[in-house]
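Architecture and fold: a report
Read off the chains here:
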Amino acid sequence: MMRAGLGILMMVVLTACGATTDLDEPPVPLGDFRLEHNIVSASKAQRSPVSRAATEEELVETMRAAIAERFGRYNGASRYHFGISVEGYALAPPGVPLVLAPKSALIINVTVYDDAAGEKLNDAPEQITVLETFGSGAIIGTGYTMTAEEQLVELSRNAAKAVERYLVRQQEAEGWFTPDTNALPGETGLTDPA
């Protein structure tokens, strides 16, 4: 009986590890997209009453790293910039009974800027809310299985993936990142990002 329970727990842990990233796969098509500036702010971030603490610097740096990790894979010729504001977070604490194991969450606002046009692509920021990866601590909650830093990394990666899904929807619906066939080569003034 105990062996079977341990086996189920190991399957949950392995599933959680496998579900956290698709970064080894080719990036989904995003037209002529290249991320130039990755600006993240957390000065207004609200902490949930039932949450571990994170500093403003931790929120900013972890989110910035997750965005760079995901969007650094795109090498289109047109430059775009992100303005991301961390609005709120909950990092599940340990020590809560199993039936009340809270889930971690992160809320961000995203604004996308077109460098060549010199304007925002979305008039109002897109608000995105993400939870910890499905399967992560599904039985006992990440408050027991992960540190606050690990939870924040997972949430930031989930948020970066959600931003990517939002951009894909906008590309399909609005053609946000379709190259301008009337533009002259080099017109964007793109410089080597290195």
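Let us look at the structure shown here. The model shown is predicted, which means the values in this text are computed figures rather than measured ones.

**Things to note about helix 4 (residues 148-174)**
Compared with the 39 Å implied by 1.5 Å per residue over 27 residues, the 38 Å span of helix 4 between its first and last C-alpha is a close match. Gly175 occupies a position one or two residues after helix 4 and carries a positive phi of about 65 degrees.

**Comments concerning helix 2 (residues 56-71)**
Since there are 3.6 residues in each turn of an α-helix, residues three or four apart along the chain are aligned in direction. When the terminal C-alpha atoms of helix 2 are compared, their 22 Å separation across 16 residues agrees well with the 22 Å that a helix rising 1.5 Å per residue should span. Every buried residue of helix 2 is listed here: Leu59, Val60, Thr62, Met63, Ala66, Ile67, Arg70 and Phe71. Buried residues along helix 2 sit against strand 1 (33-41), strand 3 (78-90), strand 4 (105-114) and helix 4.

**Some details on the environment of Gln171**
Along the chain, the position of Gln171 falls in helix 4. We classify Gln171 as buried; its relative accessible area is 17%. Between the C-alpha atom of Gln171 and that of Pro29, which follows or precedes it by 142 residues, the distance is 9.2 Å. Discounting chain neighbours no more than four positions away, the residues touching Gln171 are Leu30, Gly31, Trp176, Phe177 and Thr178.

**Brief notes about the environment of Pro29**
Here Pro29 lies in the loop between helix 1 (2-18) and strand 1. Along the backbone, Pro29 and Tyr74 are 45 residues apart, and their C-alpha atoms lie at a distance of 8.8 Å.

**Overview of the nonpolar core**
Core analysis: the biggest nonpolar cluster contains 37 residues, and Phe33, Phe71, Phe82, Ile108 and Leu167 have the highest contact counts within it. Secondary-structure elements contributing two or more residues to this core are strand 1, helix 2, strand 3, strand 4, strand 6 (126-131) and helix 4. Here this core takes 10 residues from helix 4, the largest share from any one element.

**So, the side chain of Asp22**
Structurally, Asp22 can be placed in the loop between helix 1 and strand 1. Here Lys161 takes part through its side chain, which lies 2.8 Å from a polar atom of the side chain of Asp22. Aside from chain neighbours lying at most four places away, what touches Asp22 is Arg70, Arg73 and Lys161.

**Looking at the side chain of Ser51**
On the secondary structure map, Ser51 appears in the loop between strand 2 (46-47) and helix 2. Judged by relative accessible area, Ser51 falls into the buried class, the value being 8%. In this structure the side chain of Ser51 is engaged in a polar contact, spanning 2.8 Å, whose partner is the backbone nitrogen of Leu91. Not counting residues within four places of it along the chain, the set of residues in contact with Ser51 comprises Tyr89, Ala90, Leu91 and Pro93.

**Observations regarding the packing of aromatic side chains**
Applying the stated rule across the entire model yields 10 aromatic pairs. A centroid spacing of 5.8 Å and a plane angle of 85 degrees characterise the contact between Tyr166 and Trp176, whose relative ring orientation is edge-to-face. Taken together, the residues span a long stretch of sequence, with Tyr166 in helix 4 and Trp176 in the segment after helix 4 at a distance of 10 residues. Here Tyr166 and Trp176 have matching classes, each one buried. Plain terms: the ring middles of Trp176 and Phe177 are 5.9 Å apart, the flat faces sit at 85 degrees to each other, and that makes the pair edge-to-face. Neither Trp176 nor Phe177 differs from the other in exposure class; each is buried. Here the aromatic residues Phe33, Phe71, Tyr74, Tyr80, Phe82, Tyr166, Trp176 and Phe177 are joined through ring pairs into a cluster of three or more.

**Details of a negative patch on the surface**
Among the surface-exposed residues, Glu56, Glu57, Glu58, Glu149 and Glu150 lie close enough to one another that they form a single negatively charged patch. When contributions to the negative patch are tallied by element, the ones reaching two or more residues are helix 2 and helix 4. Broken down by element, the residue count for the negative patch peaks at three residues, all from helix 2. Here Glu57 is to be found in helix 2. In this structure Glu57 comes out as exposed when scored by relative accessible area, which is 59%.

Quick notes on the rules
Residues numbered from 1 in each chain as written. Predicted model: local features only at pLDDT ≥ 70, side-chain atom pairs only at ≥ 80, totals over all residues. Heavy atoms only, no water. Helix = DSSP H or I, 4+ residues; strand = E, 2+ residues; numbered from the N terminus. Expected span 1.5 Å × (residues − 1). Buried < 20%, exposed > 50% of the residue type's maximum accessible area, 1.4 Å probe, protein only. Contact = heavy atoms within 4.5 Å. Core = buried A, V, L, I, M, F, W, Y, C linked by side-chain atoms within 4.5 Å. Polar contact = N/O pair within 3.5 Å; in protein donor to acceptor, adjacent residues only side chain to side chain. Phe/Tyr/Trp six-rings, centres within 6.5 Å; stacked < 30°, edge-to-face > 60°. Patch = residues over 30% accessible without salt bridge, like charges linked within 9 Å, V, L, I, M, F, W, Y side chains within 5 Å. Areas by Shrake-Rupley, 256 points an atom, 1.4 Å probe, with all protein chains shown as cover. Salt bridge = Lys/Arg side-chain N within 4 Å of Asp/Glu carboxyl O. Lys, Arg positive; Asp, Glu negative; His and termini not counted. Charge placed at Lys NZ, Arg CZ, Asp CG, Glu CD.

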